[in-house]
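As a plain string of letters, each chain reads:
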Amino acid sequence: MPKPGVFDFINKAKWDAWNALGSLPKETARQNYVDLVSSLTSSSESSTQVKPGADRGQQEYENLVVTSEDGITKIMFNRPTRKNAISTQMYQEIMLALKAASKDDSTITVVTGNGDYYCSGNDLANFTDIPPGGVEEKAKQSAIMLRDFVGTFIDFPKPLVAVVNGPAVGISVTILGLFDAVYASDRATFHTPFSHLGLSPEGCASYTFPKIMGPAKATEMLIFGKKLTAGEACAQGLVTEVFPDSTFQKEVWTRLKAYSKLPPNSMRISKQVIRNMEKEKLHAVNAEESSVLQERWLSDECINATMNFLSKKAKL
Ligand SMILES: CCCC/C=C/CC(=O)SCCNC(=O)CCNC(=O)[C@H](O)C(C)(C)COP(=O)(O)OP(=O)(O)OC[C@H]1O[C@@H](n2cnc3c(N)ncnc32)[C@H](O)[C@@H]1OP(=O)(O)O
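Rules and cut-offs
- Along each chain, residues carry numbers from 1 onward, in the same order as the chain's sequence is written.
- Thresholds applied to this predicted model are a pLDDT of at least 70 for local features of residues and 80 or more for the giving and counting of side-chain atom pairs; totals over whole chains, interfaces and linings are not thresholded and use all residues.
- For each residue, a C-beta atom is positioned from the backbone; the residue is called near a molecule or strand if that atom sits within 6 Å of it.
- Under the scheme used here, helices are H or I runs from DSSP no shorter than 4 residues and strands are E runs no shorter than 2 residues, and both carry numbers assigned from the N terminus.
- Note on residue classes: Ala, Val, Leu, Ile, Met, Phe, Trp, Tyr, Cys and Pro are nonpolar, Asp, Glu, Lys and Arg are charged, and everything else, Gly too, is polar.
- Each pair of strands is called paired provided DSSP finds at least two bridges between the two strands.
- Exposed residues have 12 or fewer other C-beta atoms within 10 Å of their own C-beta, buried residues have 20 or more, and residues in between are partly exposed; the C-beta atoms are placed from the backbone.
- Take the number of residues in a helix, subtract one, and multiply by 1.5 Å to get its expected span.
- Summarising the geometry, the arc corresponds to the directions from the helix axis toward the C-beta atoms.
- A crossover counts as right-handed when, viewed with the strands pointing away from the observer, the path leading from the first strand over the helix to the second turns clockwise.

Draft legend 1. Structural detail: the site of the ligand. Taken together, 21 residues lie around the ligand, and Ala85, Ser120, Gly121, Asn122 and Gly170 are the ones closest in. Residue contributions to the shell around the ligand peak at 3 residues, all from helix 4 (residues 134-154). In the shell around the ligand, the residues fall into 11 nonpolar, 5 polar and 5 charged.

Draft legend 2. Looking closely at the sheet that holds strand 6 (residues 168-169). Read across the open sheet, the 3 strands follow the order 6-8-9; overall the sheet is mixed. One side of each edge strand has no neighbouring strand; the edge strands of this open sheet are strand 6 and strand 9 (228-229).

Draft legend 3. Up close: unusual backbone geometry. Not every positive phi belongs to a glycine, and Asp70 is a case in point at roughly 50 degrees. Relative to the assigned elements, Asp70 resides in the loop between strand 2 (64-69) and strand 3 (72-77). Of the residues examined, Asp70 has 16 C-beta atoms within 10 Å and is grouped as partly exposed. Here Asn84, not a glycine, exhibits a phi torsion of approximately 60 degrees, which is positive. Its location among the elements puts Asn84 in the loop between strand 3 and helix 3 (88-103).

Draft legend 4. Quick peek at the pairing of strand 2. Of the two faces of strand 2, only the one carrying Leu64, Val66 and Ser68 is buried; Val65, Thr67 and Glu69 on the other face are not. As paired elements, strand 2 and strand 3 share 6 bridges and run antiparallel to each other. In the strand pairing of strand 3, Val66 is matched with Ile75. Joining the antiparallel neighbours strand 2 and strand 3 is a turn of 2 residues, in which Asp70 adopts a positive phi near 50 degrees.

Draft legend 5. Structural view of helix 9 (residues 248-259). In this model, helix 9 (12 residues) spans 17 Å end to end at C-alpha, consistent with the 16 Å of a helix rising 1.5 Å per residue. Taken together, the buried positions of helix 9 are occupied by Phe248, Val252 and Leu256. Buried residues of helix 9 fall within an arc of 35 degrees about the axis and therefore sit on the same side. Away from the buried face of helix 9 by more than 90 degrees, exposed residues Lys250, Thr254 and Ala258 are located.

Draft legend 6. Fine view of the pairing of strand 5 (residues 160-164). Strand 5 sits mainly inside the fold: 5 of its 5 residues count as buried. Taking every second residue as pointing to the same face, both faces of strand 5 are buried, with Leu160, Ala162 and Val164 on one and Val161 and Val163 on the other. Relative to strand 5, strand 4 (residues 108-113) runs parallel, the two sharing 4 bridges. Counted as the bridge partner of Val110 is Val161 from strand 5. Note that the unit made of strand 4, helix 4 and strand 5 has a crossover that is right-handed. As paired strands, strand 5 and strand 7 (residues 181-185) are joined by 4 bridges and run parallel to one another. Within the sheet, the bridge partner assigned to Val163 lies in strand 7 and is Tyr183.

Written out as structure tokens, the structure is:
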């Protein structure tokens, strides 16, 4: 069949997966599939990793590893060679994973990163993939995707915890204001270089950051692009607690496993009580930020900064 268009993410991923098999005979493909499913059903019942091809009614992910164990669904960014930069497909996958986690039987959902980075933010190559409608159409589609992406965090119904294993940049920092707890390694840093990129804040940070840390500190981060250490981010209320990197994983997961045994309905309802009054406001902020960014993406400031990065002339 002809290759689906770039924005037909699911069919394109399927097409690429089939294409990668080359001239594999149908019978061999069938047998491989049966072997894979058999190996999955015989694996431990308490721990399930979602793998491509698993016939369990679960989603397949190319850029995430999603596991469910001990009442915790863990969504791990998995593009370590790109510092977990969020590609267009990855935005879609994160939304799908969060929607699935909101309905599964876990009590807590955790987001973390694989490798030395938590996440380097938006993949700057996303803007090189221009649809037939041109750059205006691209900016419009990106604004819609951004609004949906951030909206999924605003509406997430269960306790949502970020386990920040390393540096975090851009949108991976701003959405932390929508998490219920943020645990960070002392190796982590928090950086929103929007002005350097000709951009403006997203992820509701224009509202949550001044509220969390006060307008003056929010200005330093969101306008002047000041990079915070984990300790500074904790002092300013963006991070719940910082752990030494050497014991980070052990300490955080021990704690999360204990929290996951708390009554799930009570935790959900407490989150609703804490957050629901703000939801309408957050959706309005999200819509406004996305619409402002739609314009910014077309500005010379933004186009030049993106081209400088992609042509290896600039890094953060
Ligand atoms: C539709 C929604 C839009 C929402 C808008 C969001 C706004 C943001 O998120 S703004 C933030 C955007 N992010 C950045 O500007 C970070 C750019 N990256 C860097 O400055 C550096 O890569 C970084 C400091 C993160 C790491 O530096 P190093 O430790 O020196 O590693 P490398 O630069 O060698 O990285 C390895 C490899 O990954 C590529 N990479 C990393 N981050 C990104 C990214 N965000 N987008 C695209 N590519 C990225 C990097 O280019 C390297 O590639 P190769 O050179 O091909 O190996």
